[in-house]
Amino acid sequence: MYVYLTSGTPEFMESIQQKHSNENMILLYGADKTVLLHESEKKSVFATPKSYEIVHQVGQLEQNGFYALNYIPVKEESHLVFEDNFLKVIEKLKQEPGFISYRLLRPRPFQDEAYISLTVWNGPHSFEAWKASQTYKETFEHPKKNINGVDTGNIFVSHPYVKTYTTTKLEEEEEEQE
């Protein structure tokens, strides 16, 4: 199974989603861009997508929720060590309040690109609570340098970073709050 990402104006992304309504696509609105996520076993319908293989998944991706994409730059020669150790985090993640679904995405082709840890929450407050948890801090802010006898200090290209998205336009959210 694969995840494909493309970005553009909200209107253009909406038109692609409508044109391919039979495909599993999620429209994500961010502060700086709109992303269309396509989950499929087949080739993407996008002209120039970023392609990812799903390494592990929990739950279903839906058009509702708060999406957090944690980009984790891993060296190519270290991807197996990373995947093996990162999968242990998922068991803890499933216990978090407000958690809906999860995907660990391996970039295709792999060229020192970032993995994506994609999590879906019932809202930004649930995600912020997860970020304040000890598990999150141990995994993303202060990862262990030695796990099961393997030096993990040299598996990352740089620090991870997070981009968050909602499934409703920001203007719609602001109108609902008024």
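Each remark here, short or long, concerns the structure printed above.
This one's a predicted model, so the numbers in the text were calculated from it and none came from an experiment.

Moving on, we get to the overall build of the chain. Check the secondary structure of the chain and you find five helices and ten strands. Per-residue burial over the chain gives 46% buried out of 178 residues. Accessible area of the chain: about 9900 Å², with a carbon and sulfur share of 47%.

With respect to burial, strand β3 (residues 34-40) is a largely interior element, seven of its seven residues being buried. Residues of β3 alternate between two faces, with T34, L36, H38 and S40 on one and V35, L37 and E39 on the opposite face, all of them buried. Across six bridges, the pairing between strand β2 (residues 24-29) and β3 is antiparallel. When the sheet's bridge partners are listed, N24 is paired in β3 with E39. Remark: four residues form the turn of the hairpin made by β2 and β3, two consecutive strands paired antiparallel.

The complete set of buried residues in helix α3 (residues 124-131) reads S126, F127 and W130. Along α3, the residues classed as buried sweep out an arc of 100° about the axis, all on the same side.

A separate point is the nonpolar core. Of all hydrophobic cores here, the largest spans 20 residues; its most connected members are F82, Y102, Y115, W121 and W130. Put simply, the parts of the chain that give this core at least two residues each are β5 (66-73), α2 (79-93), β6 (99-108), β7 (114-121) and α3. Element by element, the count of residues in this core is highest for α2, at five residues. The contacts of W121, once residues within four sequence positions are left out, are G65, F66, A68, L93, E96, P97, G98, F99, I100, S126, F127 and W130. Formed by 18 residues, the second largest nonpolar core is a distinct cluster that contains I26, Y52, L118 and V120.

Analysis parameters
- Residues numbered from 1 in each chain as written.
- Predicted model: local features only at pLDDT ≥ 70, side-chain atom pairs only at ≥ 80, totals over all residues.
- Heavy atoms only, no water.
- Helix = DSSP H or I, 4+ residues; strand = E, 2+ residues; numbered from the N terminus.
- Buried < 20%, exposed > 50% of the residue type's maximum accessible area, 1.4 Å probe, protein only.
- Areas by Shrake-Rupley, 256 points an atom, 1.4 Å probe, with all protein chains shown as cover.
- Pairing = 2+ DSSP bridges.
- Arc of directions from axis to C-beta.
- Core = buried A, V, L, I, M, F, W, Y, C linked by side-chain atoms within 4.5 Å.
- Contact = heavy atoms within 4.5 Å.

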